[in-house]
Each structure stands twice: as structure tokens, then as C-alpha cells.
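# Tertiary structure, described
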Amino acid sequence: MEALDELLGSYRKQVSVAFYDIESGYTYTYNAQQVYFVASIIKAPYCQYILELAQQGKTRLEDTVLYTQEFYATGTGKLKNVPTGNAYSISTLTEYAIRYSDNVALRMLKSRYDAAGFTAYAKSIGIENISGIKDINNGNINATDALTYAKAIYRFIADGSPEGQKLRTDMLNTTNPMIVSDYPVVRKYGWATAAFPDMAIIEAPHPYLLVILSDHDDGTAKDFAMFQTISQTIQSYTGQ
């Protein structure tokens, strides 16, 4: 803990970390109440919420949403480069939102699954900063709540349902390798003004959850290296 505190304290700007050992329940946090813009990491718990509705028979992943001009968004994703007028399944939209951090896909999903439903879900799993959810992708988050989301995602995947396995597959195939490990990393990153976060399930022999939030939004090689150093250091301390 002292070594981690020293390492994290050496970085410029703000950095927050939350670690959770799944088998023992041991938790380490650093600067965990610092609030950041949520950026795209919210797409993971939001899509998990939708997939859980499908698992419960409350929605169908085969249902479609028509891509119209109102859903167009800049930033990350693939659909911004595709002409409007086509319909996309909920299954495809959740995949795009996770794998490609697609902002158009998120807008299309929000037209079907609004912030009120997701907020109720977030409250049910123990999210503390409920007011920070706002309209899902324009809210804020701290490392404590990000870890709570990660725990819920882990439980959903560990349940073994097809919907959980779909989420795992999508989260295994994201871009921008920020948190790194010698083992599979089930993750979702974000990148926006004053926000450069990542949250992950590390499928090590002794699995654990890791959240790193920061405002290092320059996205330089040094910023990516910070994530790699933190995550590799934590892996070494777990004895993996």
C-alpha cells in the first residue's frame, strides 16, 4: 500500500485507483472520492444493464432501432461514417458501444433504454453518486462507484448466461490498451476532456478488478505508460 501510494502520488494532475481481489475481498483505493467526467466507461455498465434486461426477458436483443440523423454523433465509433437509414439490432448496438466506444450506437440505445431505468438499476447495485449519472454519458464518477459497476459486471459475466458471455467477448475486444496484464483483460476505457479512465476485470489465476481514473487527457505515450506501470505494478503485488 505504501509503495502504491508513493507511485500514484508521483503523477501529475489527478489519478485515482480502486483494486478488488475477487477471491479474498481485499480492497485497495487511492484518491477514490475524486470526481471525474464519466467519459465512455459508462457504456459498459449501461450495456450490461440492457443485456440483463434481455436475460430477464424484458427486452429482445433482436429488436432494432432505425439510424436517423437525430442519432448522429461525432467522436469515437464506426456508425458516424455510415449513411443513415439502416436499422441495427440491440445486440449490434451494444457490441459497437463496447468494442468501438460508438457514440452513435449509444444514442440509439438511449432512445430505447432511458436514463431513468438505468439510474434505478445503478441505485439497486449500490452506486452512491446517483445524481452524477445525469443522462448517462454526460455525468461524473469516482473510483468507488466505478468499482461497484465493475463488481456488477463481473457477477453478470460469472453467472454464465449467453448475455453475460456476449458482454465478456465485447469487453475483451476493445481498443486502446490502457490497463495491461499478462492475463485476459475484460475492460472498457474512456477518453474525453479532463477524463482518461479505464476499468477492467483481470482474469488472472487469482482474478481481480482494477479501476484507474485520471484527468490525463493528452493521451500521450507517457499517459498510456502511466496506466501500464500502475497495472503491471499491481499485478506484481498480487503474486501472479
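Numbering of residues starts from 1 in each chain and follows the order in which that chain's sequence is written. Predicted model: local features are reported for residues with pLDDT of at least 70 only, side-chain atom pairs are reported and counted for 80 or more only, and whole-chain, interface and lining totals are derived from all residues. The basis for the side-chain values is all heavy atoms of the structure; hydrogens and waters are excluded.

## Concerning unusual backbone geometry
To keep it simple, the criterion reads: Every helix listed is a DSSP run of H or I at least four residues long, and every strand listed is a run of E at least two residues long, numbered separately from the N terminus.
One non-glycine residue with positive phi stands out, namely alanine 39, at about 50°. Positionally, alanine 39 belongs in the loop between β3 (36-37) and α2 (43-55). For alanine 194, which is not glycine, the phi torsion reads 60° and is therefore positive. One can find alanine 194 in the loop between β7 (185-189) and β8 (198-202).

## Structural notes on the nonpolar core
In plain terms, the rule: Side-chain atoms within 4.5 Å are what join buried Ala, Val, Leu, Ile, Met, Phe, Trp, Tyr and Cys residues into a set we call a nonpolar core. A simple rule labels every residue: compare its accessible area, found with a 1.4 Å probe on the protein chains alone, to the largest value its type can have, and call it buried under 20%, exposed over 50%, or partly exposed in between. Throughout, a residue-residue contact means that at least one pair of heavy atoms, one from each residue, lies within 4.5 Å.
Counting residues in each nonpolar core, the largest one holds 59 residues, and the members touching the most others are Tyr46, Leu79, Met108, Leu109, Phe118 and Tyr149. Take this core: its biggest share by element is 9 residues, from helix α6 (residues 143-158). With near-sequence residues (within four places) excluded, tyrosine 149 lies in contact with Ile42, Pro45, Phe118, Ala122, Ile125, Ile127, Ile133, Ile141 and Met199. Counting residues in hydrophobic clusters, the runner-up holds 24 residues, among them Leu8, Val15, Ile179 and Ile234.

## Brief notes about helix α7 (residues 162-172)
We count it as follows: In this description, one arc is meant: the one made by directions from the helix axis to the C-beta atoms.
Residues of α7 that are buried include every one of Glu163, Gly164, Lys166, Leu167, Asp170 and Met171, and no others. The arc that holds every buried residue of α7, seen down its axis, measures 155°, which confines them to one face. Packing partners of the buried residues in α7 comprise α2, α3 (90-99), α6 and β7.

## Focus: the packing of α2 against α7
A pair of packed helices can be characterised by two numbers: the angle between their axes and the separation between those axes. Here is the rule we go by: Orientation is described by axes fitted as lines to C-alpha atoms, over the contacting stretch for helices, and by angles from 0 to 180 degrees between their N-to-C directions. Angles are sorted into four bins: roughly parallel if under 35 degrees, roughly antiparallel if over 145, roughly perpendicular if 65 to 115, and oblique for all others. Crossings are classed by handedness, with left-handed meaning an anticlockwise turn of the near helix from the far one by less than a right angle and right-handed meaning a clockwise turn. Each residue gets one label: Ala, Val, Leu, Ile, Met, Phe, Trp, Tyr, Cys and Pro are nonpolar, Asp, Glu, Lys and Arg are charged, and the others, such as Gly, are polar.
The contact between α2 and α7 brings their axes to 9 Å, and the two run at 155°. Here α2 lies roughly antiparallel to α7, going by the angle between them. Along this stretch, α2 crosses α7, giving a crossing that reads as right-handed. Residue-level contacts link Ala44, Gln48, Leu51, Ala54 and Gln55 of α2 to Glu163, Lys166, Leu167 and Met171 of α7. Within the contact of α2 with α7, the residues separate by chemical class into 5 nonpolar, 2 polar and 2 charged.

## Things to note about the environment of aspartate 215
Selection rule: We define a polar contact as two N or O atoms separated by no more than 3.5 Å, with the added condition that, inside protein, one atom must be a possible hydrogen donor and the other a possible acceptor, whereas residues neighbouring each other in sequence contribute only through side-chain atom pairs.
Looking at where aspartate 215 falls in the secondary structure, it is placed in the loop between β9 (208-214) and α8 (221-237). Residue aspartate 215 is classed as buried on the basis of its relative accessible area of 18%. As for aspartate 215 and threonine 193, which are separated by 22 residues in sequence, their C-alpha atoms are 7.8 Å apart. Filtering out sequence-adjacent residues up to four positions away, aspartate 215 remains in contact with Lys13, Gln14, Tyr36, Ala194 and Ala195. For aspartate 215, the side chain forms a polar contact with the main-chain nitrogen of glutamine 14, separated by 2.9 Å.

## Some points on the sheet that holds strand β2 (residues 27-30)
Under the convention used in this document: In this analysis, strands are considered paired if DSSP registers two or more bridges between them.
One open sheet accounts for 5 strands, arranged β2-β1-β9-β8-β7; its pairing is antiparallel. Each edge of the open sheet carries a strand with a single partner, namely β2 and β7. Each strand axis lies, on average, 10° off the axis of its neighbour in the sheet, ignoring direction. Pairing of strand β1 (residues 15-21) with β9, which is carried by 7 bridges, proceeds in the antiparallel orientation. The residue of β9 that forms the bridge with serine 16 is leucine 213. Where helix α1 (residues 2-9) meets the sheet, it contacts β1 and β2, and its direction lies at approximately 30° from that of β2. Together, β1, β8 and β9 form the strand contacts of α8, whose direction differs from that of β9 by roughly 150°.

## Let's talk about the pairing of β9
Burial runs high along β9: 7 of the 7 residues are buried. Judged by which residues are buried, β9 turns out to be covered on both faces: Tyr208, Leu210, Ile212 and Ser214 on one side and Leu209, Val211 and Leu213 on the other are all buried. Note that β8 and β9 share 5 bridges and pair antiparallel. Looking at the pairing, isoleucine 201 lines up with leucine 209 of β9.

## Re the packing of aromatic side chains
As a reminder, the rule being used: Only the six-membered ring of Trp is used, alongside the rings of Phe and Tyr, when aromatic pairs are assigned; centres must lie within 6.5 Å, and planes under 30 degrees apart are stacked while those over 60 apart are edge-to-face, with the rest tilted. Charge-over-ring placement is defined geometrically: NZ (Lys) or CZ (Arg) within 6 Å of the ring centre, and within 35 degrees of the ring normal.
Tallying each qualifying case throughout the model produces 13 aromatic pairs. A centroid spacing of 5.3 Å and a plane angle of 40° characterise the contact between phenylalanine 19 and tyrosine 208, whose relative ring orientation is tilted. Residue phenylalanine 19 is found in strand β1, and its partner tyrosine 208 is found in strand β9; the two are separated by 189 residues along the sequence. The buried category is assigned to tyrosine 208, whose relative accessible area is 1%. By way of ring pairs, the aromatic residues Tyr46, Tyr49, Phe118, Tyr121 and Tyr149 are connected into one cluster. Over the aromatic face of tyrosine 189 sits the side chain of lysine 188, whose NZ or CZ is 4.2 Å from the ring centroid.

Nothing here speaks to function; it is all geometry.
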